[in-house]
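Topology and contacts: notes
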Amino acid sequence: MDVFTVAMTALSDAFSLIFQFNVLIHLVLGVVMGLAIGIFPGLGGIAGLSLLLPFMFGMDVVSGMALMIGMVAVVPTSDTFTSVLMGIPGSSASQATVLDGFPMSKKGEAARALAAAFSSSLFGGLVGATFLTFFILIARPIVLAFKLPEMLMLAVLGLSMVAILAGRLPLKGVAAAALGLVVGTIGEADAGGSLRMASYDIPYLTDGLKLVIIGLGIFALPEIVALLRTDRAISSTASLGAGWAQGVKDWWENKWLSVRCSLIGVVVGIIPGLGGSVVDWIAYGHTIQTSRDKSGFGKGDVRGVIGPESSNNAKEGGGLVPTLIFGIPGSGSMAIFMGAVALLGSGDLEVGPQMLSPDYLDITYSIVWLLAIANVVGTILCIGLSGQIARLTTIRFTLLAPFLFMLIAFAAFQSGQNLGDLVALFAIGLIGIFLRRFDWSRPAFLIGFVLSNPVETYANQAYQVARSKFRTDFDLGLDYLFGPIVIVLIIITVISIFIGVRNAKIIMSEGEVQSGSKRSPMIFLLAIATYFAVTFYNASLIKDRLITDKIFPMLVAAIGFAACLALFIRMIRRPESDLVFADREVFGEDAGAQHGLWGTLAWFAFLLILTSLAGFILALAVFLVSFMRLRARLNWAMALLYSAVGIAFMCFMARLLHRDFPPGLLQNYFTLPWPFT
C-alpha cells in the first residue's frame, strides 16, 4: 500500500509539472521538430536528438525532457510519410511499413495507409506509456536486486542482442559493436587515468569523442550525402487521395492485431539495444503468421501497415524501461536521450535506479506521460499537416542539403567548442558512410559506443569487489558473481545468440543491399581489422599496475579482430555473390546516383576548411552561395536569397540560444564584430 501511495503521489506531482505553459510549449516545439525531422529519410530520432543535444546544457529538467520526448515520440509517426509516399524508409524502424504502405500509395490509397498508420502509432504509444506507468510500481524491488554483476550481464545481453540481430551477417554485427566499444574507450581511462589509443598523438582525443558527434557522423551525415547524390526531389507527387476514414476503420477492424504488435513493441523495446532495428520486422512477421489470407502482403495489404506501426511507437515506452531504470539504452534514440539527461539542470540527474527513488519518481512519471501526450499531439499534427507535408517532399533535396550541413556542423561545434569537433564529425561521418555502404550495422556501432564506459566501469568494479570476496571465501566470491539473476541473464544471452544466428538472414538493418565485387568490401574489412590491431597494441603498452585500464580495450579489440578474421576467411572462400560482399555502390540507389560520393562529400569538406580559415559565418556565406549557384544551379538572385535566409536563421538560433560560432585563423589576427568572431 505504501508503494501505491508513493506512486500515486508522484503521479499527481508529475501532472502538476507537465501541465505548465512553459513545459507544454517545449513539448509542442519538440513534436514539431520531430515532425520536420521525420519527414526526411534517415534523419530519425537519433539524428534529431543529436541536433538537440548541444542545447540541453543547463535547461530546466522538465522542459528539456518535454522537448526531447516530443521529438522522440513523433519521429516514428512522421517517418511514415516517406515510407508510404515514396517507398523510402524514414528510419530503420519503418522499413517494414514500406512493403505494403508504398504499394497502397501507388494504388491511390496513400491517405488510407497514412490514416491506418497514424491510428496504430497513437495506440502503440499509449500502450507503451500505460505499461511503463504500472511497471514502475513493481520495478523498485527488481532494481534493488541488480548489483554490479547483474548490471554488467544486462549490458552484455544488450550488446549481444544488437550485434547479432542488427544485420544479416552476425559477424558484421559483432565487429560493428566491438568497433563502437573501442572507439568509446579513446581518451583517459576512468580507473587509472591512462591515455589510450590515438590519444597519445592527438591532444583533442584526450577527453574522448562526444556522443553528439558520433550520432551526427554515423547517422545524419551518411543519409544526407546519399540523398544529395541522387539530385532529385524526394517524391514526384503530392497527391494523397481519399480514404482517411477508411484507414481509421481498418485499424479498428484489426485492433487486436494492433494490441499484440504494441505488446511486441514494448517487449522488444525493453531488451537493451534492440529498439527500431528489428521491432518492425518482428511485428510484420507476426502479422503475416497470424493472418489467414496472406496473398495480399507485399502488394498493399493494410494489415502490413498496422502491425509494424503499432510496434514502432510502443517500443519507445518499452525502451524507457532499461534506459530510465538501469541506465542501459533500449534503442539508438534512447542512447542519445540517456546522454542528454545528464546535461539538464545542474547536471546531477542521471538515469538509473535513482529514477525510482521518491525524490525523482515525479520526474520519471513526467517522462512517461509526456510521451503519451506527445503521441496524441503528434498524431493530430500529422493528420492535419499531411497535405502540406506531401508537397514538401516534392522539393529538390539539393536545396535542403546545404542547410542540413550547416545545422550539423553548428551542432557538432557546440559539443566541445573546438574546431577539432568539425574534423571529428567529418571522420566519423566517413566511417558512417562506409558502414552504410558495406551493410555493417550502424545501430550496433552506436550502442557499442554508448555502452563502452558503463560496461568497462561495471566490469572493473565487479572485478575489484569479487577479488576481495574471493580472498575471504571462494564460495562467497562465486555467489557474488553468479547469482540467480546473472545465471538467468546468461541463459537468455545464449538463447538470444542462438536464435539470432538462426534468423539473421531475415534481418536487414540497412535495407536490401546486393553483393558487389570483392575488392572494396575486403579493403574496408582490412582497415577495421588494422584498427583493432592498433588498439590492442596501444592498450598493451599501458603499465601492468594499471591493468584495469588496459584489459577492457585489449579484450574487445581481440574479439573484434577475431570477427574480422572470420569474415576475411569467408571472403576468400565465397564467390562475389555472397552476402559478405554487400556494396551499395555496385547495385542499388547509390550505384545509380548522378553524383559521386567523393565529389558530394567534398562540399562538406569545403565548408569545414573554409571555417578553419575564416570562421563559420563567413565560410557559410561562401559555401551557401557557391553550392546554390554551382550544385543547385540557381540564378544569382535566388542563390543570394537562399544564402541570406540560411545565415539569418543561423544567427537567430545562435543569439536565441546564446551560442558561439566556430572561429578560424582569421579571427586570430583581426577583431571582428559578432557574428564574424
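So, here is what we can say about the structure in this document. Predicted model only: the values in this text are computed from it and were never measured. (Residues numbered from 1 in each chain as written. Predicted model: local features only at pLDDT ≥ 70, side-chain atom pairs only at ≥ 80, totals over all residues. Heavy atoms only, no water.)

**A closer look at the overall build of the chain**
Of the regular secondary structure elements, the chain holds 28 helices and two strands. When contacts within the chain are restricted to residue pairs at least 6 apart in sequence, long-range pairs at least 24 apart make up 80% of them. (Helix = DSSP H or I, 4+ residues; strand = E, 2+ residues; numbered from the N terminus. Contact = heavy atoms within 4.5 Å.)

**Observations regarding a nonpolar patch on the surface**
Nonpolar side chains collect at one region of the surface, where Phe474, Leu478, Phe482, Ile487, Ile491 and Ile495 lie side by side and expose about 560 Å² of accessible area between them. Taken together, the elements giving at least two residues each to the nonpolar patch come down to helix H21 (474-481) and helix H22 (484-503). Sort the elements by how many residues they give to the nonpolar patch and H22 lands first, with three residues. Structurally, isoleucine 491 is set in helix H22. (Patch = residues over 30% accessible without salt bridge, like charges linked within 9 Å, V, L, I, M, F, W, Y side chains within 5 Å. Areas by Shrake-Rupley, 256 points an atom, 1.4 Å probe, with all protein chains shown as cover. Salt bridge = Lys/Arg side-chain N within 4 Å of Asp/Glu carboxyl O.)

**Regarding helix H14 (residues 303-326)**
Here H14 contains 24 residues, and its C-alpha end-to-end distance of 35 Å stays within 8% of the 34 Å for a straight helix at 1.5 Å per residue. The sharpest bend along H14 comes to roughly 30°, located at lysine 315. Of all 24 residues in H14, 24 are buried, a share of seventy percent or more. Phi turns positive, to about 75°, at glycine 327, one or two residues after H14. (Expected span 1.5 Å × (residues − 1). Bend = angle between axes of the 7 residues up to and from the residue. Buried < 20%, exposed > 50% of the residue type's maximum accessible area, 1.4 Å probe, protein only.)

**Considerations on the packing of helix H23 (residues 519-540) against helix H24 (residues 547-573)**
Between H23 and H24, whose axes approach to 8 Å, the crossing angle comes to 155°. When the axes of H23 and H24 are compared, the pair comes out roughly antiparallel. Our pair here, H23 against H24, has a crossing hand that is left-handed. Residue-level contacts link Pro521, Met522, Leu525, Leu526, Ile528, Ala529, Phe532, Ala533, Thr535, Phe536, Ala539 and Ser540 of H23 to Lys550, Pro553, Met554, Ala557, Ala558, Gly560, Phe561, Cys564, Leu567, Phe568 and Met571 of H24. Counted by class, the contact of H23 with H24 contains 19 nonpolar, three polar and one charged residues. (Axes fitted to C-alpha atoms, helices over the stretch in contact; angles between N-to-C directions. Parallel < 35°, antiparallel > 145°, perpendicular 65-115°, else oblique. Left-handed = near helix turned anticlockwise from the far one by under 90°. Nonpolar A, V, L, I, M, F, W, Y, C, P; charged D, E, K, R; others polar.)

**Observations regarding the packing of helix H20 (residues 442-472) against H21**
It is the contact of H20 with H21, at a shortest axis distance of 5 Å, that shows an interaxial angle of 150°. Judged on the interaxial angle alone, H21 and H20 are roughly antiparallel. Mapping the contact onto sequence places Ala462, Val465, Ala466, Lys469, Phe470 and Thr472 in H20 and Phe474, Leu476, Gly477, Leu478, Tyr480 and Leu481 in H21. Its residues assigned to classes, the contact of H20 with H21 comprises nine nonpolar, two polar and one charged.

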